[in-house]
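Structural characterization, general
Now for the letters of each chain:
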Amino acid sequence: MRFGRRRRFGELIQRQLDFFEEEQAGLLRDVSQAERAYDEARRGEAEERYGDYVDIVETATELLAGIRDAYAATLDEDTAAAYEDAFNRAVARRLPQFGLELGER
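Residues numbered from 1 in each chain as written. Predicted model: local features only at pLDDT ≥ 70, side-chain atom pairs only at ≥ 80, totals over all residues. Heavy atoms only, no water.

1. Details of the nonpolar core
Formed by 25 residues in total, the largest nonpolar core has its most connected members in I13, L17, L64, F87, V91 and F98. When contributions to this core are tallied by element, the ones reaching two or more residues are α1 (2-23), α2 (25-40), α3 (43-72), α4 (77-94) and α5 (96-103). Here this core takes seven residues from α4, the largest share from any one element. In contact with F98, other than residues within four places in its own chain, are L28, V31, V57, A60, T61, L64 and V91. (Core = buried A, V, L, I, M, F, W, Y, C linked by side-chain atoms within 4.5 Å. Buried < 20%, exposed > 50% of the residue type's maximum accessible area, 1.4 Å probe, protein only. Helix = DSSP H or I, 4+ residues; strand = E, 2+ residues; numbered from the N terminus. Contact = heavy atoms within 4.5 Å.)

2. Some remarks on the side chain of Q16
By the secondary structure assignment, Q16 is in helix α1. Under the relative-accessibility criterion, Q16 is labelled buried at 13%. In this structure, Q16 is in contact with I67, Y71, Y83 and F87, ignoring residues within four places of it in sequence.

3. Quick word on the packing of α4 against α5
Axis separation between α4 and α5 bottoms out at 6 Å; the angle between their running directions is 150°. Accordingly, the angle class assigned to the pair α4 and α5 is roughly antiparallel. Crossing hand, α4 versus α5: left-handed. From α4, F87, N88, V91, A92, R93 and R94 reach across to α5, where they touch P96, F98, G99, L102 and G103. Class assignment for the residues of the contact of α4 with α5 results in six nonpolar, three polar and two charged. (Axes fitted to C-alpha atoms, helices over the stretch in contact; angles between N-to-C directions. Parallel < 35°, antiparallel > 145°, perpendicular 65-115°, else oblique. Left-handed = near helix turned anticlockwise from the far one by under 90°. Nonpolar A, V, L, I, M, F, W, Y, C, P; charged D, E, K, R; others polar.)

4. Comments concerning α4
Between the first and last C-alpha of α4 there are 25 Å, a value that for 18 residues agrees with the 26 Å anticipated at 1.5 Å per step. Within the sequence span of α4, burial applies to T79, A80, A82, Y83, D85, A86, F87, N88, A90 and V91. Of the residues that open α4, the one with a side-chain oxygen 3.1 Å from the backbone nitrogen of D78 is D76. (Expected span 1.5 Å × (residues − 1). Polar contact = N/O pair within 3.5 Å; in protein donor to acceptor, adjacent residues only side chain to side chain.)

Below is the structure:
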């Protein structure tokens, strides 16, 4: 039954992530730019650039958690747990830079 629940949420989660990527296109660009700045930073700047990157990733992760949690709040406990698991897995596949953090929230 668990597989069926994950599959049941697949289309919904896909639409949610499509919407997130569309609405947060600027933020996603900022994440990519911050990662690139960190990768290209000199030794003395790397720590600061990494901090900038982590801050932007945290902002995006909070937005994703908000989407997930708002929908999960409309479900019963067991269904919410299945949905949250499916959402976290979908994010890990589609937006891997946010997957690890999201799973911890």
